[in-house]
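Structural characterization, general
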Amino acid sequence: MLSHQIHCQYFSQEDLLASGCLDVRMAMQATESALKAFHRGDVIFPDKIVQIFDDDTQERINCLPATFKNHKICGVKWVSVFPPNPAKHGIQNLSAVIILSEIEHGFPIAFMEGTLCSNLRVGTMGAIAAKYLARQDSKIIGLIGAGEQAKMHLVAMKTALPSLQHCQVAAKTEDEETQFIQEMSPILPDVEMVASHMNLQAAIEGADVIVTATSAQAPLLKAAWVKAGAFYSHVGGWEDEYGVAKLCDKIVCDDWETVKHRTQTLSRMYKDGELSDGDIYANLGDIVNSEKKGRSSPDERIYFNAVGLAYADIAIAYAMFKRASEAGFGQDLRIQKEMIFEHAYLKNWVRL
Ligand SMILES: NC(=O)c1ccc[n+]([C@@H]2O[C@H](COP(=O)([O-])OP(=O)(O)OC[C@H]3O[C@@H](n4cnc5c(N)ncnc54)[C@H](O)[C@@H]3O)[C@@H](O)[C@H]2O)c1
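What you see is a predicted model; the values in this text were computed from it and never measured.

Brief notes about the side chain of R295
Mapped onto the elements of the fold, R295 is located in the loop between α11 (284–288) and β15 (302–305). No salt bridge is formed by the buried R295; the nearest opposite charge belongs to E300, separated by 4.6 Å. Polar side-chain contacts of R295 include one of 2.9 Å to the backbone oxygen of S297. Among the polar contacts listed, one links the side chain of R295 to the backbone oxygen of E300, at a separation of 2.9 Å. Here R295 is in contact with Y132, L133, A134, R135, G229, A230, F231, K250, E300 and I302, once residues within four sequence places are set aside.

Structure representation (structure tokens):
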């Protein structure tokens, strides 16, 4: 008789961390190969499904699927964004889970915590952009914002640019800057960390790599602070004055068609008639696939903005799944023991 058992593996965030999945190099490899697979037509990438529960607060849950035909893997990220959570309830505003299924029989293989993967993907896109677009001798990184994305971006940038040795950070409060330095110093002991005491200009002073990752909706970063040769990774919404993009020699996005319909600085500029399609140099995939060159001179200022390609999340999640299961982490999760009418006790369980 055929077995009708269905199992998958469950991975908590701690399982993923303990098995070495916070690995930007692994994530960069998975993402670059995903960008190439997409280019070859090996990725099924439907539109995301958005369910907004409150138009004012933008509390929402999004469903983002993707399939890699080459790996025979289909996955979905189910991500909740509840912006009022921190102020209203003192809890985080983001949570996510990921499901992976194999597509030979269509069965689920993994159910995992998803914020680690999601945040790692954001940092990884920045790291891949830095690999092609930043000066490889970059020494100083300046960060505006000291939250989750800023922390992950720092780890990612240091992986892509090992020459980084000095980090200047500015946030909305000194406490956040201090906490950032306390958390990041043990992870990156060879990077000297300096708090900017909420002085944003001081954080950007002399920076070869600039990252803005804030919850602000304001033109925080000024064009005059961006030195020749700088690479800028824009992570949040509206956080730089229009002059920054205008000053930059190249503007690169993860996907300009997606970016232009959002609420980032570049999207605002597009809607205000301050930026047109022709001003965008390339999508990151064009550069990874060698269709466009990356940095071509040491003095270029380069602007990078990613809003998220969900197939990259699934590619990273699959790499994490392989690493964590090979390392023996995760728990067996029995989805089904038998088919419904095979259960011996069904007559006791059914409600008529
Ligand atoms: N591009 C992407 O793919 C992507 C993915 C996830 C999140 N995000 C965005 O990244 C941003 C940061 O997310 P997070 O999870 O790190 O948020 P967070 O709440 O953890 O951190 C936000 C940071 O912004 C700082 N900040 C806010 N206003 C500021 C101001 N006026 N001056 C200086 N610093 C200020 C805060 O001090 C804090 O350090 C958000 O806008 C989020 O929507 C982007």
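Some words on the sheet that holds strand β9 (residues 166–170)
Strand pairing in a sheet relies on backbone hydrogen bonds, with the paired strands running either antiparallel or parallel. An order of β10-β9-β8-β11-β12-β15-β13-β14 is seen for the 8 strands of this open sheet, with the pairing classed as parallel. Where the open sheet ends on each side, the last strands, each with one partner, are β10 (192–195) and β14 (282–283). Running at roughly 165° to strand β8 (residues 140–144), helix α5 (residues 148–160) makes contact with β8, β9, β10, β11 (209–212) and β12 (231–234) of the sheet.

Considering the pairing of strand β7 (residues 108–113)
Pairing of strand β1 (residues 6–11) with β7, which is carried by 3 bridges, proceeds in the parallel orientation. Within β7, the residue paired with Q9 across the bridge is A110. Bridging between strand β6 (residues 94–102) and β7 involves 5 bridges; their strand directions are antiparallel. Residue pairing across strands places I99 opposite F111, the latter belonging to β7. The hairpin turn running from β6 into β7, its antiparallel successor, is 5 residues long, and G106 in that turn takes a positive phi close to 85°.

Describing the pattern of salt bridges
For the structure shown, the criterion picks out 14 salt bridges. For D42, the salt bridge is made with R40, and the minimal N-O distance between the two is 3.1 Å. Taking the shortest distance from any N to any O, the salt bridge between R121 and D313 comes out at 2.6 Å. Pair noted here: R121 is in helix α4 (residues 115–133) and D313 is in helix α12 (residues 310–326), with a separation of 192 residues, a long-range link. Since its relative accessible area comes to 10%, R121 is described here as buried. Judged by relative accessible area, which is 1%, D313 ranks as buried. Overlapping salt bridges, with partners in common, bring together K77, R121 and D313 in one network.

Rules of the game
By convention here, each chain's residues receive numbers from 1 onward along its written sequence. At least 70 in pLDDT is required for a residue's local features to be given in this predicted model, at least 80 for side-chain atom pairs to be given and counted, and no such filter applies to totals for whole chains, interfaces and linings, which use all residues. The side-chain quantities take in all heavy atoms of the structure and omit both hydrogens and water. In this text, helices come from DSSP runs of H or I with a minimum length of four residues, and strands from runs of E with a minimum of two, each type numbered from the N-terminal end. Note on exposure labels: buried denotes an accessible area under 20% of the residue type's maximum, exposed denotes more than 50%, and partly exposed covers the range between, all computed with a 1.4 Å probe on protein chains only. In this charge count, Lys and Arg are treated as positive and Asp and Glu as negative; neither His nor the chain ends contribute. Should a side-chain nitrogen of Lys or Arg be within 4 Å of a carboxyl oxygen of Asp or Glu, the pair is scored as a salt bridge. Polar contacts, as used here, are pairs of N or O atoms within 3.5 Å; protein pairs need one atom able to donate a hydrogen and one able to accept it. Residues neighboring in sequence count only if both atoms are side-chain atoms. In what follows, residue pairs with any heavy atoms lying within 4.5 Å of each other are defined as contacts. When DSSP finds two or more bridges between a pair of strands, those strands are recorded as paired. Only the stretch in contact is used when a helix axis is fitted, and all axes are lines through C-alpha atoms; the angle between N-to-C directions ranges over 0 to 180 degrees.

Distances and angles like these do not, on their own, reveal function.
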